[in-house]
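Structural overview
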Amino acid sequence: RMAAAPPSYCFVAFPPCSRDGLVVFGKNSARPRDEVQEVVYFAAATHDPGSKVECTYIEIEQVPKTHAVVLSRPSWLWGAEMGANEHGVCVANEAVVTREPASESEALLGMDLVRLGLERGATAKEALDVIVALLEEHGQGGNYYEDGSSCHTFQSAFLIVDRNEAWILETSGKYWAAEKITEGVKCICNQLSLTTKIDAEHPELRNYVRSQGWWNGDSDFNFSEVFSLADDHLACCSGKESLEKQGGDVSAQAMIDVLRDKDSGVCVDSESFLTTSSIVSVLPQDPSFPCVHYFTGTPDPSRSIFKPFIFVDDVKLVPKVQSPSFGNDDPAKKIPRFQEKPDRRHELYKAHEWARSLLENDQDKGQKLMRIMLELEKQGLEAMEDILTRTEVLDPAEVVDLFYDCVDTELKFFK
């Protein structure tokens with residue numbers, strides 16, 4: 001039996017379920033418990049003809065221009081679990097298991113495709129087209145974990161969102177299908193969810209599954225039934241109901257509450273997996289308003305705070321949520337890979353470890369600290385709410401240090 005895919009959850013809410021004129025996106029990234037995630041920003045860039053880009057395992061052709069991106073990523077790899085670009089596109093990926101074993105040979109990881117889609121796509125549909133073209137050309141494969149003792153491989157699913165629509169993209173090898181969403185609440189997790197509503201697909205998809213004997217060509221084509229291991233495609237989304245219960249009022253706060261919920265299983269804290277980082281994005285459908293992206297940069301959203309980031313030119317970098325760089329000496333870059341595990345903790349992660357031990361050992365102090373932290377988060381949410389409801393245009397100078405200052409304030413509380 002293949003190892004279970006990590007139980008991450010991604011959500012998107014459109015009007016009429018979300019608050020007036022807002023698209024709200026969220027993801028909890030469930031990964032191996034001790035893995036560190038960092039939050040990194042890369043400015044838009046132009047690249048010389050013929051230049052290459054070094055992804056986690058393979059090098060591919062670079063494009064002439066890449067968009068500015070902000071990413072939450074396991075700090076040993078090139079790609080990302082989730083992130084956003086300057087055009088209001090958000091992408092998150094899910095590891096999934098299908099009836100086809102995922103390839104162990106090194107190719108693009110699902111997480112590399114998240115970053116490539118964001119760097120190259122100015123809309124959700126463009127990001128989808130980028131991802132499927134790269135899948136066709138390079139394939140997906142290679143170890144999903146920083147583990148020298150065994151290779152953990154998965155297929156990928158993606159939630160790709162912009163101000164107007166979302167696409168759920170599910171893949172097996174280079175084959176794929178996708179569904180377009182423009183209203184209501186959608187959730188994807190670590191199993192296939194597409195059924196018979198398919199709005200785009202690999203041109204050879206149906207021929208391929210017929211040749212494999214997985215579909216007879218007569219019954220309705222149901223992607224999950226065709227590609228899932230027996231009975232694996234059950235409804236997975238415990239958080240979806242809580243979002244639907246908001247009755248047309250899903251906001252950043254409502255999404256944060258769902259991501260913090262341990263009882264529903266959306267906030268993972270198990271023997272092997274932990275929610276190592278979380279994101280919530282608010283995308284106003286009116287393009288004159290900025291998109292706001294909230295990142296924790298630390299494990300367990302129920303003990304972390306969501307800090308806002310807005311794309312502006314010359315946005316201030318935040319080294320305190322970036323892991324140390326080991327350059328070419330990184331064991332993840334040497335063959336054989338992962339022969340040792342360097343200490344990848346960033347400053348905010350270390351401060352959180354201290355706070356976590358306080359929460360566990362001195363309940364009163366811990367609770368008090370948590371109350372202060374949540375108050376800080378609330379101030380950030382209210383300030384963003386103000387930006388999204390005012391009539392005058394945002395002055396970039398007002399938010400150029402936004403994420404930096406929030407991380408800085410959080411660290412001061414821990415000192």
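What you see is a predicted model, and the numbers here were worked out from it, not measured in a lab.

Some remarks on the pairing of strand S13 (residues 175-181)
Counting buried positions along S13 yields 6 of 7 residues, so the element is predominantly enclosed. Where strand S12 (residues 166-172) and S13 come together, 7 bridges link them in antiparallel fashion. Bridging from a neighbouring strand, Trp167 pairs with Lys180 of S13. Hairpin connection of S12 to S13: 2 residues between the antiparallel strands, including Gly173 at a positive phi of 65°.

Some points on the packing of helix H7 (residues 347-361) against helix H9 (residues 402-414)
The N-to-C vectors of H7 and H9 enclose an angle of 35°; their axes lie 10 Å apart at closest approach. Every pair of crossing elements has a handedness; the one defined by H7 and H9 is left-handed. Contacts from Glu347, Leu348, Ala351, His352, Trp354 and Ala355 of H7 reach H9 at Glu410, Leu411 and Phe414. Residue composition of the contact of H7 with H9, by class: 6 nonpolar, 1 polar and 2 charged.

A look at the nonpolar core
Grouped together as the largest cluster of nonpolar side chains are 91 residues, with contacts concentrated most on Phe11, Leu159, Val161, Phe223, Val280 and Tyr294. Considering every element that reaches this core, the biggest residue donor is helix H8 (residues 363-389), with 8 residues.

So, how was this worked out
- Residues numbered from 1 in each chain as written.
- Predicted model: local features only at pLDDT ≥ 70, side-chain atom pairs only at ≥ 80, totals over all residues.
- Heavy atoms only, no water.
- Buried < 20%, exposed > 50% of the residue type's maximum accessible area, 1.4 Å probe, protein only.
- Helix = DSSP H or I, 4+ residues; strand = E, 2+ residues; numbered from the N terminus.
- Pairing = 2+ DSSP bridges.
- Axes fitted to C-alpha atoms, helices over the stretch in contact; angles between N-to-C directions.
- Left-handed = near helix turned anticlockwise from the far one by under 90°.
- Contact = heavy atoms within 4.5 Å.
- Nonpolar A, V, L, I, M, F, W, Y, C, P; charged D, E, K, R; others polar.
- Core = buried A, V, L, I, M, F, W, Y, C linked by side-chain atoms within 4.5 Å.

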